[in-house]
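What follows is the residue order along each chain.
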Amino acid sequence: MRIVVDLNRCQGYAQCVFLAPEVFELHGEEALMYDPAVPDGQLERVARAVAACPVGAVLAGERAGPGGG
Amino acid sequence: MSPQTLFRRITDYAHRADPYPLYAELRANGVVRQEDGSYLVGTYDEVAALLHDPRLSSDRRNRTEPDQRPLPVRDDLPPSFIGLDDPEHDRLRRLTMRSFGPPHSPGTVDALHTGITAIADELAGALHGRDRIDIVDDFAYPLPVTVICRLLGVPAGDVPRVRAWTTAIIAALDFAPEQDPEPLQEAALAAQREMAGYLGSLAEGRRGGPSGDMLSALVNDDGPEGTLTGPELMSTAVLLLIAGHETTVNLIANGALTLLRHPDLLVRLREAPELVPQAVEELLRYEPPVQFLPQRTPLTDIEVAGVTVPRGAPLVLVLASANRDPLRFPDPDRFDPMREHNQHLGFGGGAHSCFGAPLARIETQIALNALLPRLEGFRLAEDPPPYRRSPVLRGPRRLPVVRG
């Protein structure tokens with residue numbers, strides 16, 4: 001599965017980093033880095049991160065764009 | 001009824017089981033000065049904007065209107081970061097975050113998953129064969145209190161003391177007009193002092209000998225910004241311990257109650273646990289454990305929805321009302337675990353957004369996954385259940401369910 005973070009929406013709440021720390025990473029206090037190709041072992045954690053984002057900035061699967069699923 | 005009495009009616013215990021019609025009235029009336037001098041805001045756009053407004057203070061010392069029910073003022077300890085503004089708030093919060101989350105400790109909450117699941121499974125297992133369960137006492141309370149004590153490094157044997165102190169402190173936050181506030185406030189102050197001293201000495205005992213828990217990290221961590229002073233550590237530890245379980249108890253209990261009222265959805269979530277994270281977000285919208293933020297104060301006259309709120313006046317942000325605003329959420333009074341674009345304000349927002357949100361999220365997800373299979377064949381013994389007194393930290397006092 002692929003993911004995209006809409007960095008225009010991201011406000012640095014970092015819920016994704018808490019919930020899927022191997023996929024999302026905070027550089028310094030606010031810059032978010034992430035792996036757009038989610039390994040199978042991380043799917044459950046990424047689903048929790050998608051649900052938790054307070055601004056709906058983490059898009060997964062079809063919502064991450066064409067071929068995203 | 002008069003819009004000036006809304007706050008009194010919201011805090012009246014008679015409306016605790018269902019405050020939502022009052023919130024609808026609040027949204028319809030707009031921002032109105034209350035008889036006690038406070039202002040209530042309950043529409044989504046306004047609450048969301050005010051959560052990010054640097055002209056609002058979280059420090060009650062900026063109030064010019066006297067509080068109807070002033071919080072106990074501690075003579076011996078500084079306020080914790082929930083009651084401070086930036087830059088002090090930011091400094092203390094970042095120092096505390098170093099042992100709880102990113103960027104310094106990104107894996108802390110994820111690493112708790114296995115331990116929380118074990119505790120939840122054990123509590124749920126003990127319900128086997130019972131004909132009557134109190135979901136609060138048997139499950140929703142012991143889970144978060146065990147988790148936060150373990151995370152902070154508070155010995156399990158001391159949980160009864162933690163419970164007694166917390167009860168005394170929370171009681172002073174409650175609005176009970178028929179009660180004399182003074183004895184409550186004195187008891188709360190004494191409990192705060194004892195709890196702070198207890199946590200401070202636990203931390204002190206670990207100085208120089210890190211033991212992997214947060215109290216130990218707070219006392220030993222020496223980052224680029226230094227470390228918390230002794231009194232700062234005590235205030236912070238009291239905040240983490242109380243806020244770290246008090247609200248989650250209500251979230252789990254509100255969740256169980258809501259699902260027992262929607263048996264079709266209870267079955268659906270039991271059969272499809274992958275829907276649970278989204279369902280927890282919907283619970284945070286639909287029945288948030290923190291109903292409103294009572295301690296904001298404008299630092300200058302500000303305009304909210306066409307009304308001037310004067311500097312120093314208590315400005316109450318009603319999160320639970322914003323979460324039911326039909327201008328933001330279609331069909332807002334419907335509990336819909338599949339709801340899209342659910343940017344609820346259950347954890348507040350902005351600089352003071354809930355510090356423990358990721359922990360509360362996974363605890364509640366794990367709790368519901370463990371509890372729901374045990375509720376097969378059970379129904380609510382009382383609906384509505386008896387509620388706790390607080391209009392702010394709202395949740396059932398007991399949640400009895402019986403077979404049949």
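You'll find the structure just up there.
Definitions and limits used
Residues numbered from 1 in each chain as written. Chains lettered and ligands numbered in written order. Predicted model: local features only at pLDDT ≥ 70, side-chain atom pairs only at ≥ 80, totals over all residues. Heavy atoms only, no water. Helix = DSSP H or I, 4+ residues; strand = E, 2+ residues; numbered from the N terminus. Rg over C-alpha atoms; globule rule 2.2 N^0.38 Å. Buried < 20%, exposed > 50% of the residue type's maximum accessible area, 1.4 Å probe, protein only. Contact = heavy atoms within 4.5 Å. Areas by Shrake-Rupley, 256 points an atom, 1.4 Å probe, with all protein chains shown as cover. Lys, Arg positive; Asp, Glu negative; His and termini not counted. Charge placed at Lys NZ, Arg CZ, Asp CG, Glu CD. Phe/Tyr/Trp six-rings, centres within 6.5 Å; stacked < 30°, edge-to-face > 60°. Pairing = 2+ DSSP bridges. Buried area = accessible area lost by both parts, 1.4 Å probe. Salt bridge = Lys/Arg side-chain N within 4 Å of Asp/Glu carboxyl O. Core = buried A, V, L, I, M, F, W, Y, C linked by side-chain atoms within 4.5 Å. Axes fitted to C-alpha atoms, helices over the stretch in contact; angles between N-to-C directions. Polar contact = N/O pair within 3.5 Å; in protein donor to acceptor, adjacent residues only side chain to side chain.

Colleague: Which parts of the structure should I look at to understand the overall build of chain A?
Modeller: Scanning chain A from N- to C-terminus turns up two helices and four strands. Element order for chain A, N to C, with α for helix and β for strand: β-α-β-β-α-β. Against the compact-globule benchmark of 11 Å for 69 residues, chain A has a radius of gyration of 11 Å, which places it among compact chains. When the 69 residues of chain A are sorted by exposure, 41% land in the buried category. Within chain A, contacts between residues separated by at least 24 positions form 63% of all contacts whose residues are at least 6 apart in sequence. Accessible surface computed for chain A: about 3600 Å², of which carbon and sulfur atoms make up 49%. Of the side chains in chain A, 5 bear a positive and 9 a negative charge, and the two mean positions are spaced by 7 Å.

Colleague: I tried to follow the overall build of chain B on my own but got confused; where do I start?
Modeller: In terms of helices and strands, chain B carries 16 helices and ten strands. Its C-alpha atoms give chain B a radius of gyration of 21 Å, near enough to 22 Å, the size a compact globule of 404 residues would have. Projected onto its principal axes, the C-alpha coordinates of chain B cover approximately 60 × 55 × 40 Å. At a minimum sequence separation of 6, the contacts of chain B that also span at least 24 residues come to 74%. Here chain B contributes 42 positive and 55 negative side-chain charges, whose respective centroids are spaced 2 Å apart.

Colleague: Please explain the packing of aromatic side chains as it appears in this structure.
Modeller: Two descriptors summarise a pair of aromatic rings, namely the distance from one centre to the other and the angle between the planes of the rings. All names here are of chain B. In total, this model carries nine aromatic pairs over all chains according to the counting rule given. Taken together, a centroid distance of 5.7 Å and an interplanar angle of 70° make the contact between phenylalanine 7 and phenylalanine 292 edge-to-face. A residue pair is termed long-range when its members are at least 10 positions apart, and phenylalanine 7 in helix α1 (residues 6–11) and phenylalanine 292 in the loop between α14 (276–286) and β5 (293–298) qualify at 285 residues. For the pair phenylalanine 7 and phenylalanine 292, one class covers both residues: buried.

Colleague: Just checking my understanding: could you explain the sheet that holds strand β8 (residues 315–317) of chain B for this structure?
Modeller: Pairing within the open sheet is mixed, and its five strands lie in the order β1-β2-β8-β5-β3 (chain B). The open sheet terminates on both sides in strands that have one partner only, identified here as β1 (32–33) and β3 (56–57) of chain B.

Colleague: Can you walk me through the pairing of β5 of chain B in this structure?
Modeller: Residues in a regular strand point their side chains to alternate faces of the sheet. All names here are of chain B. Burial of β5 is extensive: five of the six residues sit out of reach of the surface. As judged from the two bridges shared by β3 and β5, these two strands associate in the antiparallel manner. Pairing of serine 57 across the sheet is with threonine 297, part of β5. Direction of pairing for β5 relative to β8: antiparallel, over a ladder of two bridges. Within the sheet, the bridge partner assigned to leucine 293 lies in β8 and is leucine 317.

Colleague: I keep staring at the environment of aspartate 76 of chain B and nothing clicks. Help me out?
Modeller: Inspection of the secondary structure assignment puts aspartate 76 of chain B in the loop between β3 and α4 (88–97). Measuring from C-alpha to C-alpha, the distance between aspartate 76 of chain B and arginine 193 of chain B comes to 8.2 Å, with 117 residues separating the pair along the chain.

Colleague: Sorry, what's going on with the interface of chain B and chain A here?
Modeller: When the parts of a complex come together, some accessible area is lost, and that lost area is often taken as the interface size. The partner chain A presents 19 residues to the 25 residues of chain B that form the contact. The largest per-residue losses of area from chain B upon contact with chain A belong to Pro102, Pro103 and Asp110 of chain B, which jointly make up 27% of the total buried on that side. Applying the counting rule to chain B against chain A returns two salt bridges. A salt bridge links arginine 63 of chain A to glutamate 340 of chain B, with the shortest nitrogen-to-oxygen separation between them at 2.4 Å.

Colleague: So what exactly am I meant to see when it comes to the nonpolar core here?
Modeller: Ranked by internal contacts, the top residues of the largest apolar core, which has 147 residues, are Phe24 of chain A together with Leu199 of chain B. Those residues in contact with leucine 199 of chain B that lie beyond four places of it in its chain are Val154, Leu215, Ala237, Val238 and Leu241 of chain B.

Colleague: It is not clear to me how the environment of cysteine 149 of chain B should be interpreted in this structure. Could you clarify?
Modeller: Checked against the element boundaries, cysteine 149 of chain B lands in helix α8 (residues 142–152). Discounting residues that sit within four places of it in the chain, cysteine 149 of chain B has contacts with Val154, Val159, Val162 and Leu241 of chain B.

Colleague: Even after reading the chapter, I still don't get the sheet that holds strand β10 (residues 400–403) of chain B, so can you show me in this structure?
Modeller: Either a parallel or an antiparallel arrangement is found when strands of a sheet pair, and the pairing is made through backbone hydrogen bonds. All names here are of chain B. Read across the sheet, three strands follow the order β4-β10-β9 without closing on themselves; strand pairing throughout is antiparallel. A single partner strand is all that each edge strand has here, and the edge strands are β4 (132–134) and β9 (378–380). Between one strand and the next, the sheet's axes are offset by a mean angle of 30°, whatever the strand orientation.

Colleague: It is not clear to me how the environment of alanine 14 of chain B should be interpreted in this structure. Could you clarify?
Modeller: Among the secondary structure elements, alanine 14 of chain B is positioned in the loop between α1 and α2 (20–29). Measuring from C-alpha to C-alpha, the distance between alanine 14 of chain B and serine 2 of chain B comes to 17 Å, with twelve residues separating the pair along the chain.

Colleague: In this structure, what is going on with the side chain of arginine 285 of chain B? I would like to understand it.
Modeller: Residues and elements named next belong to chain B. Within the secondary structure, arginine 285 is located in helix α14. Only 3.0 Å separates the side chain of arginine 285 from the backbone oxygen of arginine 334, close enough to count as a polar contact. Those residues within four positions of arginine 285 in sequence are excluded, and the remaining contacts are Asn323, Arg324, Phe329, Pro332, Arg334, Arg339, Asn342 and His344.

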